[in-house]
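Each chain is listed here by its residues.
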Amino acid sequence: MKYSIALVPGDGIGPEVSSWAVNVLDALGDKFGHTFNYVELLAGGCAIDRYGQPLPADTLEAAKQCDALLLGAVGGPQWENLPGELRPERALLGLRAGLGVFANLRPASLLPQLAGACPLKDDVLKASNPEGKPSFDLLIVRELTGGIYFGQRGRKGSGKDEAAFDTEMYARWEIERLLRVAYEAAAKRRKKLCVVDKANVMESSRLWREVAQAISSEYKDIETSFLYVDNCAMQLIRAPGQFDVIATSNIFGDILSDEASVISGSIGMLASASLGAADDLPAKNGRVMGMYEPIHGSAPDIAGKDLANPLAMILSGAMMLRYSFGLEKEACAIEAAVSAVLDKGFRTKDIASRDSALCGEKIVGTREMGTAVLKELE
Ligand code: IPM
Ligand code: MG
């Protein structure tokens, strides 16, 4: 089969890590008989430099024509002082909204090979793990096209009275469609859903609870629970093994997923999938639009130095195969290759154990890590 992929390398380490995802996908295509055609598109800081805007209309239009979008990272210090609407991050928000990818799946787990890179003590991990193992495996389902990221914002007044505001607003249907994705994900996992909000203070959170309570009866085999976001932030480092699926708003999901990444060893490991609703146009065959990106940023400080961990980006490619193309076997092949490379002791700096030499780990750069994954797929 042929698949067309919109490729947005972006800024900073984005181009280096995304080139490795492409190498891995191509190797896999050769092995399993698929052709991946890439349409390379500019978005983020590089688009500002070239066209004066972070998300040129052509980029969004071209992306919509593809089967899925693979994105590296956007942003960097040289664009930090631009007004909000012109910052590179606007490209991300514009792509998410423009493609309608409202459900952001951010899996976070502690691979046994990375136990040495996890800042939590073994007994903390074991105590909350249902099987008493020193690990955890959770999935954050973050709402991605609503809430405070897209609500009304602005400034009023002047001088010492100047004020600024951002608005958190959610419609019932936005909450419901997100929760349904989360329930369906939970049904394929350990059947536990924790809805995270701030319902003791925020009206929008109270609506989240109402909607969750109303639809929970349709998912009788899933255990639904609720946590305030501050408590959830604490529980994630106190007892991460208690979580299966966490469903939450755009901003809470942003914050909690960074926290979850640290306990999984490194933000350089975490992939993400952002999914839209199934398209009911016959030509699209019920296809779900998907945007796939590592959850790390552009890391300008290490860009171009062969230091970035390409695994989150490579694993985002695996998520694309699974969710947009239904290529489960191929997705598993990538995940197995990454696991094998870790078994062999290859580590980029961010995932090295504190006593890496004693553990027989080999500290490598982006290129060597990418090459090692490719070798496993031969
Ligand atoms: C993320 C990032 C983005 C977000 C930024 C870069 C706009 O932090 O994908 O988590 O806040 O969504
Ligand atoms: Mg974030």
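Described below are features of the structure shown in this document. (Residues numbered from 1 in each chain as written. Chains lettered and ligands numbered in written order. Predicted model: local features only at pLDDT ≥ 70, side-chain atom pairs only at ≥ 80, totals over all residues. Heavy atoms only, no water.)

Considering the nonpolar core
Link 1 in the chain: In this structure, Leu 70, Leu 179, Leu 311, Met 320, Leu 321 and Phe 325 are the most contacted members of the largest nonpolar core, which totals 91 residues.
Link 2 in the chain: The element that contributes the greatest number of residues to this core is helix 10 (residues 311-323), accounting for 8 residues.
Link 3 in the chain: Two domains share this core, each providing at least three of its residues, namely domain 1 (1-102 + 279-378) and domain 2 (119-263).
Link 4 in the chain: Those residues in contact with Leu 179, other than ones at most four positions away along the chain, are Val 195, Trp 208, Val 211, Ala 212, Ile 215 and Ala 247.
Link 5 in the chain: Among the nonpolar cores identified, the runner-up in size contains 18 residues, and Ala 43, Leu 60, Cys 66 and Leu 95 belong to it. (Core = buried A, V, L, I, M, F, W, Y, C linked by side-chain atoms within 4.5 Å. Buried < 20%, exposed > 50% of the residue type's maximum accessible area, 1.4 Å probe, protein only. Helix = DSSP H or I, 4+ residues; strand = E, 2+ residues; numbered from the N terminus. Domains from an automatic or database assignment. Contact = heavy atoms within 4.5 Å.)

Brief notes about the pattern of salt bridges
Link 1 in the chain: Within the structure shown, the criterion is met by 22 salt bridges.
Link 2 in the chain: Across the pair Glu 89 and Arg 87 runs a salt bridge whose closest N-O atoms are separated by 3.3 Å.
Link 3 in the chain: Among the residues examined, Glu 89 registers a relative accessible area of 32% and is labelled partly exposed. (Salt bridge = Lys/Arg side-chain N within 4 Å of Asp/Glu carboxyl O.)

Brief notes about the site of ligand 1
Link 1 in the chain: As a matter of local geometry, ligand 1 sits amid Glu 89, Leu 92, Arg 96, Arg 106, Arg 142, Tyr 149 and Asp 254.
Link 2 in the chain: In this structure, Arg 106 approaches ligand 1 through a side-chain N or O atom, which is 2.8 Å from an oxygen atom.
Link 3 in the chain: Contact distances for ligand 1 include 2.9 Å between an oxygen atom and a side-chain N or O atom of Arg 142.
Link 4 in the chain: Protein coverage of the free-state accessible area of ligand 1, which is 320 Å², stands at 76%. (Near = heavy atom within 4 Å. Polar contact = N/O pair within 3.5 Å; in protein donor to acceptor, adjacent residues only side chain to side chain. Areas by Shrake-Rupley, 256 points an atom, 1.4 Å probe, with all protein chains shown as cover.)

What to know about unusual backbone geometry
Link 1 in the chain: With a phi angle near 65 degrees, Lys 191 is a residue other than glycine that sits in the positive phi range.
Link 2 in the chain: Secondary-structure assignment places Lys 191 in the loop between helix 6 (172-187) and strand 8 (192-197).
Link 3 in the chain: Unusually for a residue other than glycine, Asp 306 sits at a positive phi of about 60 degrees.
Link 4 in the chain: Structurally, Asp 306 is set in the loop between strand 12 (288-294) and helix 10.
Link 5 in the chain: Given a relative accessible area of 25%, Asp 306 falls into the partly exposed group.

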